[in-house]
Amino acid sequence: HRSFVRTFRIASTLPLLLRCIFYRRLTRIRLNALQTLLRAHGSPKGTRYPLDALARQWRFDSVEQARAFIQQAGLQCVDDGSSFLCVRGATIDAKAVNSVSWDAKVLLGEEITCLGSDQLAKWMLAEEDGPAETV
């Protein structure tokens, strides 16, 4: 049904291991959610969408993190960075967004916060490089 708000709400209630799996796909899910948002709320001139609502709904750690995500995707922030323009048919720069390591303290919770996003990503991807590292 592409209800991304519901997806993020459910994801934050999952057991830790499942949240880690979700975290691994987090950027792709947010990019799909952004494309859906642009189709649903976008207009040719652009419709303003508040970043604080986006940060809360998509479980970003802060409005600044949501702003960085939007800017990395190639969309324009307006109103002193408090909202962004949803332009129907806008091109999203998925490569730029995928190249950034995103923190996910809100989604993953306090029990994983001590690892840090870079360490978590390294730990989760260790299986591809060989034996898992001890954290």
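Residues numbered from 1 in each chain as written. Predicted model: local features only at pLDDT ≥ 70, side-chain atom pairs only at ≥ 80, totals over all residues. Heavy atoms only, no water.

Visitor: How would you explain helix H5 (residues 63-72) if you had to name every residue and give the values?
Guide: Three or more residues of H5 are buried, namely Gln65, Ala66, Phe69 and Ile70. All buried residues of H5 project into a common sector of 140 degrees when viewed along the axis, lining one side. Where H5 is buried, its residues contact helix H3 (26-41), helix H4 (51-57), strand E2 (77-78), strand E3 (83-86) and helix H6 (94-98). Remark: Gly74 follows H5 within two positions and exhibits a positive phi of approximately 95 degrees. (Buried < 20%, exposed > 50% of the residue type's maximum accessible area, 1.4 Å probe, protein only. Helix = DSSP H or I, 4+ residues; strand = E, 2+ residues; numbered from the N terminus. Arc of directions from axis to C-beta. Contact = heavy atoms within 4.5 Å.)

Visitor: Account for the pattern of salt bridges, naming residues and giving values.
Guide: Pairs may arise between side chains of opposite charge once their charged atoms sit close together. Tallying each qualifying case throughout the model produces one salt bridge. Arg48 is paired through a salt bridge with Asp79; the nearest N and O atoms lie 2.9 Å apart. Of this pair, Arg48 sits in strand E1 (residues 47-50) while Asp79 sits in the loop between E2 and E3, placing them 31 residues apart in sequence. Taking the relative accessible area as the measure of exposure, Asp79 reaches 39% and is therefore partly exposed. (Salt bridge = Lys/Arg side-chain N within 4 Å of Asp/Glu carboxyl O.)

Visitor: So, the pairing of E3: which residues are in play, and what are the values?
Guide: Relative to E3, E1 is paired through four bridges, and the arrangement is antiparallel. Among the inter-strand pairings, Pro50 is bridged to a residue of E3, identified as Ser83. Two strands pair when backbone bridges link them, and E2 and E3 are joined in this way by two bridges, in the antiparallel orientation. In the strand pairing of E3, Cys77 is matched with Phe84. The turn linking E2 back onto E3 is made up of four residues, and Asp79 within it adopts a positive phi angle of 55 degrees. (Pairing = 2+ DSSP bridges.)

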